[in-house]
Amino acid sequence: MFSAIAVVGILASCTPQPAVVKGSKMNTVETLALGKTVYENSCAKCHDLPNPTDHSAQDWVGLMNSMAPKAKLNDQQHEMVYDYIVSVKK
Ligand code: HEC
């Protein structure tokens, strides 16, 4: 009984928080971490995980435009992954 309630509580606490406002340009530590997670989970399916520093921020715009649909990212994930990639650059 108690364990069932606890599981529900954990699941509820894991549901995405509305902290990431769509269209928001704010890069928080959380959105960059999310972008990194999406990147690592979505971008190594068809090829090795690309090295973010192999391409310029400008090149990544075009690369992400062609790769985000392949990885079936929504607009928000597309943006978070891009923001993560360019944040890696020195
Ligand atoms: C459904 C398969 C698939 C997925 C998922 C995918 N890619 Fe690709 N990717 C490819 C293919 C095929 C190529 C090479 C042909 C081309 O450029 O279209 C490629 C090429 C690339 C290149 C160019 C490599 C170079 O040196 O020129 C980069 C960078 C890249 N992908 C990044 C990504 C990123 C970032 C993601 C995640 C958002 C991603 N890919 C997800 C299939 C995929």
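Residues numbered from 1 in each chain as written. Predicted model: local features only at pLDDT ≥ 70, side-chain atom pairs only at ≥ 80, totals over all residues.

Per an unreviewed UniProt entry, the protein chain carries the name Cytochrome C and comes from Kaistella gelatinilytica.

**Q** Give me the confidence of the model for the protein chain: which residues, what numbers.
**A** Per-residue confidence for the protein chain gives a mean pLDDT of 82; residues scoring 70 or more make up 69%. Here helix α1 (residues 2-14) stands out as the least confident element of the protein chain, with mean pLDDT 50; helix α3 (residues 57-70) is the most confident, with 97. Confidence drops under a pLDDT of 50 for residues 7-13, and excluding neighbours within four residues, the segment shows zero contacts in the predicted structure. Segment residues 17-21: pLDDT under 50, and three contacts once partners within four positions in sequence are set aside and those in other chains are kept. (pLDDT = per-residue confidence, 0-100. Helix = DSSP H or I, 4+ residues; strand = E, 2+ residues; numbered from the N terminus. Contact = placed C-beta atoms within 7 Å.)

**Q** Before we move on, can you summarise the site of the ligand with the specific residues and values?
**A** Near the ligand you find 15 residues, and of these C43, C46, M67, K70 and A71 are the closest. A class-by-class count of the residues in the shell around the ligand yields nine nonpolar, four polar and two charged. (Near = placed C-beta within 6 Å. Nonpolar A, V, L, I, M, F, W, Y, C, P; charged D, E, K, R; others polar.)

**Q** Before we move on, can you summarise α3 with the specific residues and values?
**A** When the terminal C-alpha atoms of α3 are compared, their 20 Å separation across 14 residues agrees well with the 20 Å that a helix rising 1.5 Å per residue should span. M64 marks where α3 bends most, by close to 35 degrees. Counting buried positions along α3 yields one of 14 residues, so the element is predominantly exposed. Downstream of α3 by one or two residues, K72 has phi in the positive range, about 55 degrees. (Expected span 1.5 Å × (residues − 1). Bend = angle between axes of the 7 residues up to and from the residue. Buried ≥ 20, exposed ≤ 12 C-beta atoms within 10 Å, placed from the backbone.)

**Q** If you had to explain the environment of M67 to someone new, which residues and values would you point to?
**A** Tracing the chain through its elements places M67 in helix α3. Considered as a pair, M67 and S42 are 25 residues apart in the sequence and their alpha carbons are 9.8 Å apart.

**Q** For the packing of α3 against helix α4 (residues 75-88), give the residues involved together with the corresponding values.
**A** The angle between the axes and the distance between the axes are what describe a pair of packed helices. The interhelical angle for the contact between α3 and α4, taken along N-to-C directions, is 150 degrees, at an axis separation of 10 Å. Regarding the angle of α3 to α4, the classification is roughly antiparallel. Crossing of α3 over α4 shows right-handed handedness. On the side of α3, the interface is formed by A57, W60, M64 and A68, while α4 contributes H78, V81, Y82, I85 and V86. (Axes fitted to C-alpha atoms, helices over the stretch in contact; angles between N-to-C directions. Parallel < 35°, antiparallel > 145°, perpendicular 65-115°, else oblique. Left-handed = near helix turned anticlockwise from the far one by under 90°.)

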